[in-house]
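Analysis of the macromolecular model
These are the residues of each chain, in order.
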Amino acid sequence: MEPELQTNELVSAEGRNRKAVLCQRCGSRVLQPGAALFSRRQLFLPSMRKKPALADDSNPEGDFLQEHWLVDDMFTFENVGFTKDVGNIKFLVCADCEIGPIGWHCLDDKNSFYVALERVSHE
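Naming follows an unreviewed UniProt entry, where the protein appears as Guanine nucleotide exchange factor MSS4 of Monodelphis domestica. Quoted verbatim from the Function (unreviewed entry) heading of the UniProt record, the comment on the protein is "Guanine-nucleotide-releasing protein that acts on members of the SEC4/YPT1/RAB subfamily. Stimulates GDP release from both YPT1, RAB3A and RAB10, but is less active on these proteins than on the SEC4 protein. Might play a general role in vesicular transport."

Next up, the structure:
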């Protein structure tokens, strides 16, 4: 997560994002303020890279991340893309610069889209 931002600065009393969520690379807006709920869930995300490389790597390096923004409807996003299926997972990427993954979506749960706080900026 961005060192200067603490979780309590990002999460409202209602558990929603106080600030807009942006792509770290190009600054494109991913979510409006108040659009997502804070969630703690350990999820594996491959290392950041361009979208085509994400779908091709069968044994990627990456990180287990705990803090996420949870979105329950894909149409809530301002700007997000999805990789091809990797098993029953689709990874979320920036739709403008295609860097990612910034998040995770399991095809078994149509209403849960996770965006890792460590993979985005806030404004």
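What follows deals with the sheet that holds strand β2 (residues 29-31). Sheet architecture is open: three strands sit in the order β2-β1-β11, paired in antiparallel fashion. Looking at the sheet topology across the chains shown, the edges are occupied by β2 and β11 (120-122). Neighbouring strand axes in the sheet, compared pairwise and without regard to direction, differ in orientation by 45° on average. Sheet topology places strand β1 (residues 21-23) next to β2; two bridges connect them, and they run antiparallel. Residue pairing across strands places leucine 22 opposite arginine 29, the latter belonging to β2.

Our next topic: unusual backbone geometry. Following glycine 100, the chain continues to proline 101 via a peptide bond in cis, the omega torsion being 5°. Position of proline 101 relative to the elements: it lies in the loop between β8 (99-100) and β9 (103-106). A positive phi angle, close to 60°, is found at glutamate 98, a residue other than glycine. Residue position: glutamate 98 is located in the loop between β7 (89-93) and β8.

Okay, the sheet that holds strand β10 (residues 113-116) next. Read across the open sheet, the six strands follow the order β3-β5-β10-β9-β7-β6; overall the sheet is antiparallel. Each of the sheet's edge strands pairs with one partner strand only, and the pair in question is β3 (37-46) and β6 (81-82). Bridge analysis of β3 against strand β5 (residues 62-71) gives eight bridges, and the strand direction is antiparallel. Bridge pairing links arginine 40 to glutamate 67 in β5.

About the cut-offs
- Residues numbered from 1 in each chain as written.
- Predicted model: local features only at pLDDT ≥ 70, side-chain atom pairs only at ≥ 80, totals over all residues.
- Heavy atoms only, no water.
- UniProt positions renumbered as here; feature names shortened; annotations may be inferred.
- Pairing = 2+ DSSP bridges.
- Helix = DSSP H or I, 4+ residues; strand = E, 2+ residues; numbered from the N terminus.
- Axes fitted to C-alpha atoms, helices over the stretch in contact; angles between N-to-C directions.

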